[in-house]
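# Structure assessment
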Amino acid sequence: MDAFYASVELLRYPQLKGLPVVIGGGRRKVDEAIRNLPVGGTLADIPVEAFPLLKDYAGRGVITTATYPARQFGVGSAMGLMKAAKLCPQALILPVDFDEYRKYSRRFKQVIAEIAPVMEDRGVDEVYIDFTEVPGGQREGGRVLARLIQRSIFDATGLTCSIGIAPNKLLAKMASEFDKPNGISVVFESDLQTRIWPLPCRKVNGIGPKADEKLQRFGIRTIGELAARERDWLVENFGKATGAWMHEVAWGRDERPVVTESEPVSMSRETTFDRDLQAVRDRAELGAIFTHLCEKVAEDLQRKGYVGKTIGIKLRYDDFKIATRDQTIESFTADAKTIRRTAGLCLKRVPLDRPLRLLGVRVGALVKANSPEASSADALPRAANRSRGLAEAAAATASLF
C-alpha cells in the first residue's frame with residue numbers, strides 16, 4: 001500500500017492532500033483536530049491552519065510514515081520527529097490511529113483474497129500473492145491482474161497500492177518500490193542485469209545498515225558488484241549462512257513459497273521514554289514501566305492463544321546502542337509474573353550504568369496454548385517452582401528496577 005497510514009488519514013482529512021504530512025509521535029485517543037471543527041461541519045471542513053506543525057513538535061517520537069510530498073524533503077519512516085522537523089518544518093503532524101489502519105488493512109486484504117486467494121500476509125500494509133493458477137493471471141505478464149487488483153482496492157477503500165510482479169518474492173518486493181505511488185512494475189529473469197544489478201545493496205530486503213557498511217568497506221555498493229564476488233569469498237567474510245544467502249539474492253534467486261498460514265515466532269512490547277531514565281535515580285518509574293510491558297505481552301499471548309518459553313529484554317541506551325538478553329525456561333507460559341521474573345533475571349546480565357532511551361520485553365519460542373507441546377507433563381510448572389520463581393523475581397529486580 002502507498003504511504004498506508006498517511007493515505008488513510010487523507011481519507012479522513014482530504015484538505016491535506018498534496019501537503020507534507022507525517023504520522024507519528026503517539027497514538028490517537030481523541031482527535032485533537034475535532035476541537036476546531038466548524039459548527040455543522042465535517043472533518044473535511046477543518047481549516048489546514050488548525051493542524052499542528054512539525055516544527056512545533058517537542059518530544060522523542062518517531063515517524064511511522066509520511067506522505068510523498070514530505071518524503072521529498074528526506075523525511076521517512078523511523079526517523080526521529082525532531083530531526084524531521086529540521087528537514088521539513090512546514091509539515092503537518094498527526095498521531096497514529098491503529099484501529100483505523102487495521103480496519104482498512106482487513107478491507108484491502110479481503111479484496112485481494114477474492115481475486116487471488118493464495119495470499120501471504122506480511123503485516124498491516126503488505127502482502128505477497130501467488131497468481132500462477134489465477135485464470136487470466138498471466139495476461140500481459142500479470143499487468144491485467146495487477147490493474148484489476150488496484151482498481152478493486154481503490155473502489156473498496158479509496159486507497160492506492162503499488163504492485164511488483166516477478167518470478168519470486170525477492171524480486172517482487174524490490175519491483176513494488178520501482179514506480180510508487182500507484183505503480184505496476186514487471187521484472188523478468190532476463191531483467192536482472194539491467195534493472196536489479198545497478199541498485200544499491202540496501203535495496204535487498206534483509207541487507208541492513210551494518211551489512212551494507214561492511215560491504216562498502218570492501219568496495220561493494222551495488223547488487224551487481226555483490227554478484228561479481230565469489231560465493232566462497234562471501235562465506236569467508238560474512239559467514240556460512242549470510243554469505244551463501246547474499247550470493248543467491250545477488251543473482252535474483254529465491255525459493256521461498258507464498259505461505260498462506262503462518263505462526264508468530266514471538267510477541268513483544270517496547271516503549272521509548274519521553275526522557276532518558278537511569279536505573280538508580282528512576283528505579284520506581286522504570287519498574288512500573290517494566291511490569292506494565294510484561295503484563296501487556298502476557299495479555300497479547302493470552303488473547304491470541306499462545307505460550308512461549310524464551311523470554312528476553314531489549315534496552316537502547318542514550319548513545320543509541322542496543323543490548324538484548326534472553327533466557328529459556330523449562331515450561332511454556334503466558335503468565336505475567338513468570339515473564340516479569342525471567343525478564344528481571346535477564347536485566348541482571350546487562351549494564352545499567354548508562355541512561356536508557358527504550359525498554360522492551362519479548363516472549364519467543366511460541367506454540368499454541370492448546371498444543372501437545374504446551375500441555376505436556378514437562379510443560380506444567382510445579383507450585384513449588386512457581387513460589388521459588390516469584391521469590392527469585394523479587395530478589396533479582398529489587399537491586400535493579
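Figured I'd write up the structure that's included with this text. (Residues numbered from 1 in each chain as written. Predicted model: local features only at pLDDT ≥ 70, side-chain atom pairs only at ≥ 80, totals over all residues. Heavy atoms only, no water.)

When its secondary structure is counted, the chain shows 15 helices and twelve strands. Seen through its principal axes, the chain has C-alpha atoms that stretch 65 × 65 × 45 Å. For the chain, the share of sequence-separated contacts (at least 6 apart) that also reach a separation of at least 24 residues comes to 64%. Per element, the accessible surface of the chain, about 21500 Å² overall, is 51% carbon and sulfur. The chain carries 60 positive and 51 negative side-chain charges, and their two centres are separated by 4 Å. (Helix = DSSP H or I, 4+ residues; strand = E, 2+ residues; numbered from the N terminus. Contact = heavy atoms within 4.5 Å. Areas by Shrake-Rupley, 256 points an atom, 1.4 Å probe, with all protein chains shown as cover. Lys, Arg positive; Asp, Glu negative; His and termini not counted. Charge placed at Lys NZ, Arg CZ, Asp CG, Glu CD.)

With that settled, consider the nonpolar core. What tends to happen in soluble globular proteins is that the nonpolar side chains get buried as a cluster. The biggest cluster of nonpolar side chains holds 36 residues, and the ones touching the most others in it are F290, L301, I339 and F401. Among the elements of the structure, strand 8 (266-277), helix 12 (283-304), strand 9 (306-317), strand 10 (322-333), helix 13 (336-347) and strand 11 (356-364) are those that each provide at least two residues to this core. Here this core gets eight residues from one element, more than from any other, and that element is helix 12. Beyond its immediate stretch of four places on either side in the chain, L301 contacts M267, Y306, T333, A334, I339, V363 and L366. Core analysis: the second largest hydrophobic core is formed by 35 residues, Y101, Y104, F108 and A116 among them. (Core = buried A, V, L, I, M, F, W, Y, C linked by side-chain atoms within 4.5 Å. Buried < 20%, exposed > 50% of the residue type's maximum accessible area, 1.4 Å probe, protein only.)

Our next topic: the packing of helix 10 (residues 231-238) against helix 11 (residues 240-250). The geometry of helix 10 relative to helix 11 is characterised by a closest axis approach of 7 Å and an angle of 140° between their N-to-C directions. The angle between the axes of helix 10 and helix 11 places the two elements in the oblique class. Along this stretch, helix 10 crosses helix 11, giving a crossing that reads as right-handed. On helix 11, the residues touching R231, L234, V235 and F238 of helix 10 are K240, T242, G243, A244, M246, H247 and E248. For the contact of helix 10 with helix 11, a count of residues per class yields five nonpolar, three polar and three charged. (Axes fitted to C-alpha atoms, helices over the stretch in contact; angles between N-to-C directions. Parallel < 35°, antiparallel > 145°, perpendicular 65-115°, else oblique. Left-handed = near helix turned anticlockwise from the far one by under 90°. Nonpolar A, V, L, I, M, F, W, Y, C, P; charged D, E, K, R; others polar.)

Further remarks concern the environment of L301. In this fold, L301 is placed in helix 12. Placed 77 residues apart in sequence, L301 and G224 show a C-alpha to C-alpha distance of 43 Å.

All right, on to the environment of L234 then. Structurally, L234 can be placed in helix 10. Given the relative accessible area of 0%, L234 is considered buried. Between the alpha carbons of L234 and A288 there is a distance of 46 Å; along the sequence they are 54 residues apart. In this structure L234 touches L226, R229, G239, G243, M246 and H247, once residues within four positions along its chain are discounted.

Our next topic: the environment of Y57. Locating Y57 in the fold gives a position in the loop between strand 1 (21-27) and strand 2 (63-66). For Y57 and L81, which are 24 residues apart along the polypeptide, the C-alpha to C-alpha distance reads 7.4 Å. Not counting chain neighbours up to four residues away, the residues in contact with Y57 comprise G25, L81, M82 and I93. A polar side-chain atom of Y57 sits 2.9 Å from the main-chain amide nitrogen of G61. (Polar contact = N/O pair within 3.5 Å; in protein donor to acceptor, adjacent residues only side chain to side chain.)

Applying the stated criterion to the full structure yields nine aromatic pairs. Arranged with centres 5.0 Å apart and planes meeting at 80°, the rings of Y13 and F51 form a pair that is edge-to-face. Of the two residues, Y13 is situated in the loop between helix 1 (4-12) and strand 1 and F51 in the loop between strand 1 and strand 2; the sequence distance between them amounts to 38 residues. For the pair Y13 and F51, one class covers both residues: buried. (Phe/Tyr/Trp six-rings, centres within 6.5 Å; stacked < 30°, edge-to-face > 60°.)

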